[in-house]
Amino acid sequence: MKERLYKPSVMREVLGRHGFHFSKSLGQNFLIDGSVLDQIAEGAELSKDDVVLEVGPGIGVLTQVLCERAGQVVTVEIDRGLLPVLEETLSDYDNVEVVFGDILKLNLPQLFEEKFRGKEVKVVANLPYYITTPIIMNFFEQKLPVERIVVMVQKEVGDRMQAVPSTKAYGTLSIAVQYYAEARIVTTVPSGAFFPSPNVDSAVIALVRRDRPAVDVKDEELFFRVVKAAFAQRRKVLPNTLSSTMGIEKGLLREALAMAEIDPMRRGESLSLTEFGRLADAIGEVLA
Ligand code: SAM
């Protein structure tokens, strides 16, 4: 079926024929704007050499574009009710495979090995917003061979991903994403680009994985513990928040802050990634 699935008349017809009912709890808002689909594909810089993992095809609006521009597409959908729909809408493409399952529960290393055999993968998706952050963090933390992630997210989440220190949007998500990747908003998307339209604006964000993390840290797990602790009480100065959230004595924290050359009157929200790296290494040293 090569009709453009994003067109409201085509979508209505397909949904009606299959008696499909939208599930709000699964974040089912389908794209009905062709220019946004083009921008997602362009943000992903797709070519026929690329292998793509999509999360949540819905009726296949974005999948169709991916099949036409990439070499191979594997798409993971939780809603088995979409099986007959996707069988029909993707029937003209021989480079796509639909896997039914919950992306958060699938064994991703195994899926990657079975489907992509060690190749670098591009993840492209119009994500269900209720699980955006865990999905993205899973790809990074599990050290999967993902070279680029281009996803539609809630606009506010996109802002958090590319936020800089001392802004309201800056937090653990900004640090986690920027540690692994360079983040760039490709475009913002009004709610009218979806059917049914959600009550938030959205953004397409491109995360290009760095060859190596943005900062060299001795202990990655400790680094992320320090970051989370520093933002747990973001209005407090560092010795106060870190002592209560990490259970480390204030004297030791002051020692670590001096070693890292960070003023103890500063709040976590003002620290750059490099400063968090220095602080985590210094805390590791004073605790050793
Ligand atoms: N890609 C389509 C589009 O752009 O029109 C649909 C996007 S819709 C925002 C999100 C899709 O993700 C839905 O099809 C929904 O059923 C699916 N989904 C929700 N939770 C999921 C999960 N945990 N694992 C896989 N797919 C999921």
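Residues numbered from 1 in each chain as written. Predicted model: local features only at pLDDT ≥ 70, side-chain atom pairs only at ≥ 80, totals over all residues. Heavy atoms only, no water.

### Concerning the overall build of the chain
Phase 1 of the analysis: From N to C terminus, the chain includes twelve helices and nine strands.
Phase 2 of the analysis: Judged by the C-alpha coordinates and their principal axes, the chain covers about 70 × 40 × 30 Å.
Phase 3 of the analysis: Out of the 288 residues belonging to the chain, those deemed buried represent 50%.
Phase 4 of the analysis: Long-range pairs, those at least 24 residues apart, make up 67% of the contacts in the chain with a sequence separation of at least 6. (Helix = DSSP H or I, 4+ residues; strand = E, 2+ residues; numbered from the N terminus. Buried < 20%, exposed > 50% of the residue type's maximum accessible area, 1.4 Å probe, protein only. Contact = heavy atoms within 4.5 Å.)

### Some points on the packing of helix H8 (residues 172-180) against helix H9 (residues 220-232)
Phase 1 of the analysis: Taken N-terminus to C-terminus, the directions of H8 and H9 make an angle of 150°; their axes are 9 Å apart at the nearest point. With respect to H9, the axis of H8 lies roughly antiparallel. Together, Thr172, Ile175, Ala176, Tyr179 and Tyr180 of H8 and Glu220, Phe223, Phe224, Val227, Lys228 and Phe231 of H9 make up the contact between the two elements.
Phase 2 of the analysis: Per-class residue counts for the contact of H8 with H9 are eight nonpolar, one polar and two charged. (Axes fitted to C-alpha atoms, helices over the stretch in contact; angles between N-to-C directions. Parallel < 35°, antiparallel > 145°, perpendicular 65-115°, else oblique. Nonpolar A, V, L, I, M, F, W, Y, C, P; charged D, E, K, R; others polar.)

### Structural notes on the environment of glutamate 114
Phase 1 of the analysis: When you line up the elements, glutamate 114 lands in helix H5 (residues 108-116).
Phase 2 of the analysis: Look at glutamate 114 and you get partly exposed, because its relative accessible area is 45%.
Phase 3 of the analysis: Taking the C-alpha atoms as reference, glutamate 114 lies 49 Å from glutamate 255; in sequence the two are 141 residues apart.

### Details of the packing of H9 against helix H10 (residues 238-246)
Phase 1 of the analysis: Interaxial distance between H9 and H10 falls to 8 Å at its minimum, and their mutual angle equals 115°. The angle between H9 and H10 falls in the class roughly perpendicular. Crossing of H9 over H10 shows right-handed handedness. Taking contact as the criterion, the partners of Leu222, Arg225, Val226, Ala229, Ala230 and Ala232 in H9 are, on H10, Leu238, Thr241, Leu242, Thr245 and Met246. (Left-handed = near helix turned anticlockwise from the far one by under 90°.)

### Points about the site of the ligand
Phase 1 of the analysis: Taken together, 22 residues are adjacent to the ligand, and Leu31, Gly56, Glu77, Asp102 and Asn126 come closest.
Phase 2 of the analysis: Taking isoleucine 103, its main chain carries an N or O atom lying 3.0 Å from a nitrogen atom of the ligand.
Phase 3 of the analysis: Asparagine 126 places a polar side-chain atom, nitrogen or oxygen, 2.8 Å from an oxygen atom of the ligand.
Phase 4 of the analysis: Relative to its unbound accessible area of 600 Å², the ligand is 99% covered by the protein chains.
Phase 5 of the analysis: Class assignment for the residues of the shell around the ligand results in twelve nonpolar, seven polar and three charged. (Near = heavy atom within 4 Å. Polar contact = N/O pair within 3.5 Å; in protein donor to acceptor, adjacent residues only side chain to side chain. Areas by Shrake-Rupley, 256 points an atom, 1.4 Å probe, with all protein chains shown as cover.)

### Side note on the side chain of serine 202
Phase 1 of the analysis: Counting through the fold element by element, serine 202 comes out in strand E9 (residues 202-209).
Phase 2 of the analysis: The class of serine 202 is buried, set by a relative accessible area of 0%.
Phase 3 of the analysis: One polar contact links serine 202 to tyrosine 129, side chain to side chain, over a distance of 2.6 Å.
Phase 4 of the analysis: Aside from chain neighbours lying at most four places away, what touches serine 202 is Tyr129, Met152, Val153, Gln154, Lys155, Thr188, Val189 and Phe194.

### So, the domain arrangement of the chain
For an interface, size is often stated in terms of accessible area lost upon the parts coming together.
Phase 1 of the analysis: Domain boundaries assigned for the chain yield domain 1 (8-209) and domain 2 (220-287).
Phase 2 of the analysis: The C-alpha-based centres of domain 1 and domain 2 are spaced at 35 Å.
Phase 3 of the analysis: Here domain 1 and domain 2 share an interface that buries about 1100 Å² over both sides, 66% of which is from carbon and sulfur atoms.
Phase 4 of the analysis: When the area that domain 1 buries against domain 2 is broken down by residue, the three leading residues are Tyr170, Ile175 and Tyr179, summing to 49%.
Phase 5 of the analysis: At the boundary of domain 1 with domain 2, the tally comes to one salt bridge.
Phase 6 of the analysis: When the shortest N-O distance is used, the salt bridge between glutamate 220 and lysine 143 registers 3.0 Å.
Phase 7 of the analysis: Our enumeration of links across domain 1 and domain 2 arrives at six residue pairs in polar contact (both at pLDDT 80 or more).
Phase 8 of the analysis: Residues of the side of domain 1 that touches domain 2, tallied by class, amount to six nonpolar, five polar and two charged. (Domains from an automatic or database assignment. Buried area = accessible area lost by both parts, 1.4 Å probe. Salt bridge = Lys/Arg side-chain N within 4 Å of Asp/Glu carboxyl O.)

### Section: the sheet that holds E9
Phase 1 of the analysis: Read from one edge to the other, the open sheet built from seven strands follows the order E4-E3-E2-E5-E6-E9-E7, with strand pairing classed as mixed. Two strands lie at the open edges of the sheet, namely strand E4 (96-100) and strand E7 (181-189), each paired on one side alone. Strand-to-strand twist across the sheet, computed as the mean angle between neighbouring axes with direction ignored, equals 20°.
Phase 2 of the analysis: In terms of strand pairing, strand E2 (residues 51-55) meets strand E3 (residues 72-77) through five bridges, oriented parallel. (Pairing = 2+ DSSP bridges.)

### Structural notes on the environment of threonine 245
Phase 1 of the analysis: Looking at the secondary structure, you find threonine 245 in helix H10.
Phase 2 of the analysis: Taking the C-alpha atoms as reference points, threonine 245 and serine 191, separated by 54 residues in sequence, lie 38 Å from one another.
Phase 3 of the analysis: Not counting the four nearest positions on each side in its chain, threonine 245 is found in contact with Ala229, Ala232 and Gln233.
Phase 4 of the analysis: A polar contact of 3.4 Å, which involves the side chain of threonine 245, links it to the backbone oxygen of alanine 229.
Phase 5 of the analysis: Side-chain polar atoms of threonine 245 contact the backbone oxygen of threonine 241, separated by 2.5 Å.

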